[in-house]
2 protein chains.
Amino acid sequence: MKIILLSGGSGKRLWPLSNEARSKQFLKVLQDEEGNSESMIQRIYRQIRQSRPDADVLIAASEAQSDPIRRQIGAQAETVFEPSRRHTYPAILLAGAYLLDKKQIGEKEVIAVLPVDPYVEQDYFEKLGEMEQALADSGAQVCLLGVRPTYPSEKYGYMTGEPVEGKNYCRVTAYAEKPGLETARRLVEEGGRWNGGVFVMRACFVRELIEKEIGQVSFDRLYEQYDRLPCNSFDYEVSEKNASLVYIPYEGEWKDMGTWNTLTERMEKPDGGFVVRGEACRNTHVINELAIPVVALGLRDMVVVASADGILVSDKHASSYMQRYVEQIDNRPMYEKRQWGEYKVLDIAPCRAGKENSLTKHLHVEAGRSLSYQAHELRDEVWTIIDGKGLFLLDGEIREAVRGDVLYIPKGHKHGMATRDGVDFIEVQLGTELVEEDIERFPWDWDEFLTGTDRA
Amino acid sequence: MKIILLSGGSGKRLWPLSNEARSKQFLKVLQDEEGNSESMIQRIYRQIRQSRPDADVLIAASEAQSDPIRRQIGAQAETVFEPSRRHTYPAILLAGAYLLDKKQIGEKEVIAVLPVDPYVEQDYFEKLGEMEQALADSGAQVCLLGVRPTYPSEKYGYMTGEPVEGKNYCRVTAYAEKPGLETARRLVEEGGRWNGGVFVMRACFVRELIEKEIGQVSFDRLYEQYDRLPCNSFDYEVSEKNASLVYIPYEGEWKDMGTWNTLTERMEKPDGGFVVRGEACRNTHVINELAIPVVALGLRDMVVVASADGILVSDKHASSYMQRYVEQIDNRPMYEKRQWGEYKVLDIAPCRAGKENSLTKHLHVEAGRSLSYQAHELRDEVWTIIDGKGLFLLDGEIREAVRGDVLYIPKGHKHGMATRDGVDFIEVQLGTELVEEDIERFPWDWDEFLTGTDRA
């Protein structure tokens, strides 16, 4: 069995912890059996490995997730990167084309597509075998997982099924994606099932879908034409349109961790970070990534989350409606974890006159890492080293930089930094447009300088 | 009539907007008749001036309030500064000694002491005349204001009174300062009155109190011995002990603005700063002084306040119990308004090894102002000018500093800055102990450089 793990999702649903640069599946808000914090993607990857040690897992993600995937899953993770953010239908086709074209898997191979964000126990993964068997027995094109609804949600797909005698699967007789509240209520009453977003199908069916779109099974061609594929969910394009569906019922625990309301139910500790709590708080979670305290008094059924990007104060139920409000906010990311370390924006100050601005950051480069050799067209930078030391590269010249050193980088000049032991500095940017995109990168090989240190 | 306006109060009760450096009475959270924002002290000073244009007003405050008083009330404000923070009893005696000794007021003059923090309408000040009359008619030592209680608070003093025939005042027959809840309930039922904290008395009575403490009426002596005076409220020392009290009943609006719960009732707008609010919030105030957004969803009866010092998320009623939780927090002030401008702490970073630290600030020096000529024993500083320009003074040498300049100040070196048009810079401090107290100030006269600009 080939497993495609869909690492998609908007950066807004767990705002302010998630942002464009830090998707929700990488937030370390869960705990493994030993009590170590882990992210959604780490949990599900670990669970898949436990349940099916021999399965090939391919992670379908965006290029921006390359850093966190390598950081959290390790270098062994096989990945396919989408050229742009679209929807589950194009993402599944691209991953399928990768398996068929690049990995040359057989037509009869079974592909299981799993979403990254449900919180489930180990029995969920045991269902994959039953789904494979149901696919073979039924001759259906797709076998789905039928989750028992816990409330009439308008966010899911609903399946009406007919049991097949002597079998553990049901044939899907009707499918309704994201129905209105009234229909959802009726479907729940009539024993309808949520589509859990797991798709088990044969490679030849995926081949047919790809051929329908671009006439041939070529990964490179699909990659090129990616932006012309329908920007739609696999459910709209296939589940709702396809007559040949079966599902395996699933009675176990299944929580969509896409909202604060559902995610906090899975968190072991109610508080994270610098939190002072009055004794009268109930069913309230407070997560604070800032250096200043959050004081929480007399709160009921609330979630409070503070990060460099913003502060959410929400009734837990109301947090499901957050997305539309967060979309009004058009701020740049104030915190990012990168391959080389991390940065935090400390201050953004437009000048009182003229078009000049300044932006101040705290950067931390990890031991054995380096910043790319780069230049900016629209800004000067001043770096003040506040901790550790590194090698500073300016226009081809290398010098040692230690705590207390001040480095001036005029616009247009190439610069870089590498460190064996880790280095922190305050960067003051001065210019007209102070954006991450104002950067030109140049090749530079730091390997001989960094040898002997752990670059893992 | 001489009016003493007591500008006391802890910095914690309106945390995180108030801190040691920014007392609640200076927060501009109210609005005047024209819709301009004003602080508690501005409002009450304006109301006194409207009601009694001829009264002499003396503001009793701490030295730390000198800057904000001059900024908010203006240079005409007469002030007396306490040598240390104590309580209302020593503060009233010191202000009284100032009037008797330094201003040589007559024995028969009437002194009215007013607290800075009740939210009242103009009729409150009209009562001062009635209180003066009641003092004369009754021969009592102190005339108080008897506020009609709205609930059985444990925070106030309660007066039981006996009406005097044909007069509008009552003789106080029993006085209970901060009783328990049960007693408070009984007193409210029996028609008891809150002591509104207004004391009208003759100068000779204040003289007696001072003489009882230090044997003579000398402002300088009282100032010297200030720390030996009882650290107690005027209510404990006088109202509760003194048999000769009357009060004038007051039926008008009276709100103690010492808690977020009561203060928000007086705020015209529910939101301040960068706030995104879901439509389902009710009776909720959100004040955000940070540059990042606060998203508020589904909140009921809440107050949310975010500042550089911290974030409060509280049920309005529970906010009255804030003080004990905020006292657990021992952070340095992260924002201060000063005579020369303001600063914000952006980052505090201890080094991974050793005892070194770094602290990064954004400072703004206002047009026509200067930083004191100073030196630090335990830190180097790096200043990067990000806006405007100024004159930079280092060890007696003056040079112009403009946007983009980087100034390095090694420990022990004297430095200062003055500006005609305003200047902003990022300061990176590097050293072992990075505290405001590590400063030695030296005389320097900037006047000739700043001439021609408005220094008001």
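Residues numbered from 1 in each chain as written. Chains lettered and ligands numbered in written order. Predicted model: local features only at pLDDT ≥ 70, side-chain atom pairs only at ≥ 80, totals over all residues. Heavy atoms only, no water.

A. Representation of the sheet that holds strand E17 (residues 294–297) of chain B within the structure. Pairing is mixed across the open sheet formed by six strands, whose spatial order is E14(A)-E16(A)-E18(A)-E19(A)-E17(B)-E15(B). A single partner strand is all that each edge strand has here, and the edge strands are strand E14 (271–272) of chain A together with strand E15 (275–277) of chain B. Strand direction decides the pairing type here: strand E18 (residues 302–307) of chain A and strand E19 (residues 310–315) of chain A, joined by six bridges, are antiparallel. Considered in E19 of chain A, the bridge of Val 305 of chain A is made with Leu 312 of chain A. (Pairing = 2+ DSSP bridges. Helix = DSSP H or I, 4+ residues; strand = E, 2+ residues; numbered from the N terminus.)

B. Layout of the interface of chain A and chain B. Across the contact, 67 residues belong to chain A and 68 residues belong to chain B. Carbon and sulfur atoms supply 64% of the area that chain A and chain B bury against each other, a total of about 4,700 Å² over both sides. At the boundary of chain A with chain B, the tally comes to eight salt bridges. On the surface where chain A and chain B come into contact, there are 20 residue pairs in polar contact (both at pLDDT 80 or more). A per-class count over the side of chain A that touches chain B returns 37 nonpolar, 18 polar and twelve charged. Strand direction decides the pairing type here: strand E17 (residues 294–297) of chain A and strand E19 (residues 310–315) of chain B, joined by four bridges, are parallel. The partner of Ala 296 of chain A across the bridge, within E19 of chain B, is Val 313 of chain B. (Contact = heavy atoms within 4.5 Å. Buried area = accessible area lost by both parts, 1.4 Å probe. Salt bridge = Lys/Arg side-chain N within 4 Å of Asp/Glu carboxyl O. Polar contact = N/O pair within 3.5 Å; in protein donor to acceptor, adjacent residues only side chain to side chain. Nonpolar A, V, L, I, M, F, W, Y, C, P; charged D, E, K, R; others polar.)

C. Fine view of the side chain of Thr 360 of chain A. Relative to the assigned elements, Thr 360 of chain A resides in strand E22 (residues 357–365). The class for Thr 360 of chain A is buried, based on a relative accessible area of 0%. Not counting residues up to four positions away in its chain, the partners in contact with Thr 360 of chain A are Lys 344, Val 345, Leu 346, Asp 347, Ile 426, Glu 427 and Val 428 of chain A together with Ile 426 of chain B. (Buried < 20%, exposed > 50% of the residue type's maximum accessible area, 1.4 Å probe, protein only.)

D. Fine view of the packing of aromatic side chains. Inspection of every chain in the model, using the stated rule, returns 32 aromatic pairs over all chains. For the ring pair Tyr 124 of chain B and Tyr 250 of chain B, a centre distance of 5.7 Å and an interplane angle of 75 degrees mean the geometry is edge-to-face. Linking Tyr 124 of chain B in helix H4 (residues 123–138) with Tyr 250 of chain B in strand E12 (residues 245–250), this pair joins segments that are 126 residues apart in sequence. Taken together, the aromatic side chains of Tyr 373, Phe 442, Trp 444, Trp 446 and Phe 449 of chain A make up a single cluster linked through ring pairs. Taking the ring centre of Tyr 343 of chain A as reference, the NZ or CZ of Lys 361 of chain A above it sits at 3.9 Å. (Phe/Tyr/Trp six-rings, centres within 6.5 Å; stacked < 30°, edge-to-face > 60°. Lys NZ or Arg CZ within 6 Å of the ring centre and 35° of its normal.)

E. Broad picture of the relation of the copies chain A and chain B. Each copy of the sequence occupies a distinct position, and chain A is placed on chain B by a rotation of 179 degrees and an axial shift of 0.0 Å, giving an RMSD of 0.1 Å. The superposition of one copy onto the other is thereby described by a two-fold rotation axis. It is Leu 346 of chain A whose C-alpha, among those of chain A, lies nearest the rotation axis, at 2.8 Å. A share of 100% of the interface residues of chain A reappears at the interface of chain B, consistent with the copies meeting face to face through the same patch. (Least-squares fit on C-alpha atoms with pLDDT ≥ 70 in both.)

F. Structural context of the packing of helix H3 (residues 88–102) of chain A against helix H6 (residues 203–214) of chain A. Residue and element names in this part refer to chain A. Running from N to C, H3 and H6 cross one another at 115 degrees; their axes reach a closest spacing of 9 Å. The pairing of H3 with H6 is recorded here as roughly perpendicular in orientation. In this structure, the crossing between H3 and H6 has a hand that is left-handed. Of the residues in H6, those touching H3 at Tyr 89, Leu 93, Gly 96, Ala 97 and Leu 100 are Ala 203, Val 206, Arg 207, Leu 209, Ile 210, Lys 212 and Glu 213. The residue makeup of the contact of H3 with H6, split by class, is eight nonpolar, one polar and three charged. (Axes fitted to C-alpha atoms, helices over the stretch in contact; angles between N-to-C directions. Parallel < 35°, antiparallel > 145°, perpendicular 65-115°, else oblique. Left-handed = near helix turned anticlockwise from the far one by under 90°.)

G. Quick look at the sheet that holds strand E14 (residues 271–272) of chain B. Strand order in the open sheet formed by six strands is E15(A)-E17(A)-E19(B)-E18(B)-E16(B)-E14(B), with mixed pairing between adjacent strands. The outermost strands of the open sheet, each flanked by one partner alone, are strand E15 (275–277) of chain A together with E14 of chain B.

H. Summary view of the pattern of salt bridges. Per the stated rule, a full pass over the model turns up 68 salt bridges over all chains. Between Lys 102 of chain B and Asp 220 of chain B there is a salt bridge, with the nearest N and O atoms lying 3.3 Å from each other. Here Lys 102 of chain B, found in helix H3 (residues 88–102), pairs with Asp 220 of chain B, found in helix H7 (residues 219–224); they are 118 residues apart in sequence, far enough to count as distant. When its relative accessible area of 42% is taken as the criterion, Asp 220 of chain B is described as partly exposed. Put simply, Glu 177 of chain B and Lys 178 of chain B hold a salt bridge, and the shortest N to O gap is 3.3 Å. The exposure class assigned to Glu 177 of chain B is buried, which follows from its relative accessible area of 8%. A single network of salt bridges, built from pairs that share partners, joins Arg 332, Glu 336, Arg 338, Lys 361 and Glu 436 of chain A.

I. Spatial organisation of the pairing of E19 of chain B. Here E19 of chain B lies mainly inside the structure; five of its six residues are buried. Taking the residues between adjacent antiparallel strands as the criterion, strand E18 (residues 302–307) of chain B and E19 of chain B are bridged by two residues.

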